Amino acid sequence: MKFVGCIAILAALAGTALATEIPQADRRSGYSFMGPDSRAMQDDDTSNPGMLWVLDGETLWKRKAGTAGKACGDCHSDARVSMKGVAARYPTFDKALGKPVDLEGRINLCRSNHQQAPPLAYESRELLALTAYVAQQSRGMPIEVGNDPDLAPFVAKGHELFTRRQGQLNLACANCHDDNWDRKLAGAPITQGQPTGYPLYRLEWQSLGSLQRRLRACITGIRAQAYEYGSPELVELEAYLMSRARGMKLETPAVRP
Amino acid sequence: MPSALINVPSKAKRGDVIEIKTLMSHIMETGYRHTASGEVVPRDIITSFTCRFNGAEIFRADLYPAIAANPFLTFFTTVTESGKFEFEWVGDKGFSETASASITVE
């Protein structure tokens, strides 16, 4: 009896631990929360403004940079082949650095290590363009983040951050995006916060923006102090969100309101 | 590095009404915003868009500060012969970009 009781308690504990997590079958991209006009905008590559950055990224991919005089394409040749599926695996654990690196971070590491070029600023046109071009090669492929045991502690930290109440409004990300994603906030749908289309074109921004920009905007929204671009906290949050969305298809460059 | 996205059908039947879609990369800075230190951010917008078909102007639009960044302009025309559409965007700070697309009319 005791043994059965233990199992019952364990099962109940497991049940509460996962109570707020969205079941796999219910995971929905922000795309499914949008109206038909915004969807049509994303679906047509000649009306999706994100493609402007992808085009720029294609140009930058071939342009030589830094004192090494090398372009991305000189090492990685055709991005359509070499970069296929790469974005679906980021952020990834970098063994040399002993910490997770997101796609923007990887591009800048490549610049400093192999091109001997200065890193590109976060949210600069160049970095967004290169990230969008690389990520677009994985469009339609399922997100694979979350299987690497080296990354697991950082995903756990990201999860901790996701569920920690903070800011003047004392809200955690999970309060909206796990618990209330089927409701509305000021008339707009609360989405699940699945990072399936970054970098993406936000109509509000009138520009492409990174996942970190989106996270910082949300953190400011709960009136907490936003972490700096490239900070470990944001990368951990990215790692958790990508592992939370594993199996979902990448849409880069997505369009969102 | 401004870039344009053009969507013109490559083929059409004589007399068909076709849709032309254009998307131009531009920040469309209104001229009404201020920096943190109070200085006006100078206006930087596209002021004019023109489409010519085989040299003849078929569509023109004037653009103003209320138009969003990366203007997406779409319009319809009737095709009577094969030829080339030429697009031109002109704006502040000497902005001038062109693009073209050909169509075969059967």
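Residues numbered from 1 in each chain as written. Chains lettered and ligands numbered in written order. Predicted model: local features only at pLDDT ≥ 70, side-chain atom pairs only at ≥ 80, totals over all residues. Heavy atoms only, no water.

Caption draft 1: Structural context of the overall build of chain B. For chain B, the helix and strand inventory stands at zero helices and eight strands. Element order for chain B, N to C, with α for helix and β for strand: β-β-β-β-β-β-β-β. A compact globule built from 106 residues would reach a C-alpha radius of gyration of about 13 Å, whereas chain B, at 16 Å, exceeds it by more than 25%. Oriented by its inertia axes, the alpha-carbon framework of chain B measures out at about 60 × 20 × 20 Å. Expressed as a percentage of the 106 residues in chain B, the buried residues total 42%. (Helix = DSSP H or I, 4+ residues; strand = E, 2+ residues; numbered from the N terminus. Rg over C-alpha atoms; globule rule 2.2 N^0.38 Å. Buried < 20%, exposed > 50% of the residue type's maximum accessible area, 1.4 Å probe, protein only.)

Caption draft 2: Seen up close, the packing of aromatic side chains. Following the criterion strictly, the structure yields 14 aromatic pairs over all chains and no others. Residues tryptophan 61 of chain A and tyrosine 133 of chain A carry aromatic rings whose centres are separated by 5.9 Å and whose planes lie at 65° to one another, so their mutual orientation is edge-to-face. Taken together, the positions of tryptophan 61 of chain A in helix H3 (residues 50–62) and tyrosine 133 of chain A in helix H7 (residues 125–136) put the pair 72 residues apart, joining distant regions of the chain. Among the residues examined, tyrosine 133 of chain A registers a relative accessible area of 5% and is labelled buried. Among the aromatic side chains, those forming a connected cluster through ring pairs are Phe49, Phe53, Phe59, Phe75, Phe85, Phe87 and Trp89 of chain B. Seen from the ring of phenylalanine 33 of chain A, arginine 28 of chain A lies directly overhead, with NZ or CZ sitting 4.0 Å from the centre. The ring of tyrosine 229 of chain A has arginine 216 of chain A lying over it, and the distance from NZ or CZ to the ring centre is 4.4 Å. (Phe/Tyr/Trp six-rings, centres within 6.5 Å; stacked < 30°, edge-to-face > 60°. Lys NZ or Arg CZ within 6 Å of the ring centre and 35° of its normal.)

Caption draft 3: Representation of the sheet that holds strand S6 (residues 207–209) of chain A within the structure. All names here are of chain A. In spatial order, the strands read S6-S5-S7; together these three strands make up an open sheet with mixed pairing. What marks the edges here is a single partner per strand, and that holds for S6 and strand S7 (255–256). In this structure, strand S5 (residues 200–202) lies alongside S6, joined through three bridges in antiparallel fashion. If you follow leucine 200 over to S6, its bridge partner there is glycine 209. (Pairing = 2+ DSSP bridges.)

Caption draft 4: Here's a closer look at the pattern of salt bridges. Under the definition given, this model contains 17 salt bridges over all chains. For aspartate 56 of chain A, the salt bridge goes to arginine 125 of chain A, with nearest N and O atoms at 2.8 Å. Here aspartate 56 of chain A, found in helix H3, pairs with arginine 125 of chain A, found in helix H7; they are 69 residues apart in sequence, far enough to count as distant. Between glutamate 88 of chain B and arginine 52 of chain B there is a salt bridge, with its nearest N and O atoms 3.4 Å apart. Separated by 36 residues along the polypeptide, glutamate 88 of chain B in strand S7 (residues 83–91) and arginine 52 of chain B in strand S4 (residues 46–53) bring together distant segments of the chain. (Salt bridge = Lys/Arg side-chain N within 4 Å of Asp/Glu carboxyl O.)

Caption draft 5: The arrangement of the environment of arginine 80 of chain A in detail. Here arginine 80 of chain A shows up in helix H5 (residues 79–82). For the pair arginine 80 of chain A and glutamate 104 of chain A, spaced 24 residues apart in the sequence, the C-alpha separation amounts to 18 Å.

Caption draft 6: How the structure looks around the interface of chain A and chain B. Facing the 16 residues of chain A at the interface are 14 residues of chain B. Buried surface at the junction of chain A and chain B, summed over both partners, amounts to about 1200 Å²; 61% is from carbon and sulfur atoms. Contact with chain B buries surface across chain A, with Thr46, Leu52 and Gln206 of chain A losing the most and accounting together for 45% of the total. The interface formed by chain A and chain B contains one salt bridge. A salt bridge links lysine 21 of chain B to aspartate 44 of chain A; the nearest nitrogen and oxygen atoms lie 2.9 Å apart. If you look at where chain A meets chain B, you find seven residue pairs in polar contact (both at pLDDT 80 or more). If you list the elements that add at least two residues to the side of chain A that touches chain B, you get H3 and H7 of chain A. (Contact = heavy atoms within 4.5 Å. Buried area = accessible area lost by both parts, 1.4 Å probe. Polar contact = N/O pair within 3.5 Å; in protein donor to acceptor, adjacent residues only side chain to side chain.)

Caption draft 7: Quick peek at the sheet that holds strand S2 (residues 11–12) of chain B. The mixed open sheet is built from five strands, whose spatial order is S2-S8-S7-S4-S5 (chain B). Pairing within the sheet leaves two strands with one partner each, and these edge strands are S2 and strand S5 (56–62) of chain B.

Caption draft 8: Inspection of the packing of helix H6 (residues 103–115) of chain A against H7 of chain A at higher detail. Residue and element names in this part refer to chain A. Interhelical geometry of H6 versus H7 gives an angle of 110° and a closest axis separation of 10 Å. In this view, H6 runs roughly perpendicular relative to H7, as classed from their interaxial angle. Of the two elements, H6 crosses H7, and the hand of that crossing is right-handed. Contacts between H6 and H7 involve Leu103, Glu104, Ile107 and Asn108 on the former and, on the latter, Leu127, Leu130, Thr131, Val134 and Ala135. (Axes fitted to C-alpha atoms, helices over the stretch in contact; angles between N-to-C directions. Parallel < 35°, antiparallel > 145°, perpendicular 65-115°, else oblique. Left-handed = near helix turned anticlockwise from the far one by under 90°.)

Caption draft 9: View of the confidence of the model for chain B. Residue and element names in this part refer to chain B. On average, residues of chain B carry a pLDDT of 95, and 99% of them reach 70 or more. Ranking the elements of chain B by mean pLDDT puts strand S1 (residues 4–7) last, at 94, and S4 first, at 98. Across the assembled chains, the prediction reports ipTM 0.87 with pTM 0.89. (pLDDT = per-residue confidence, 0-100.)

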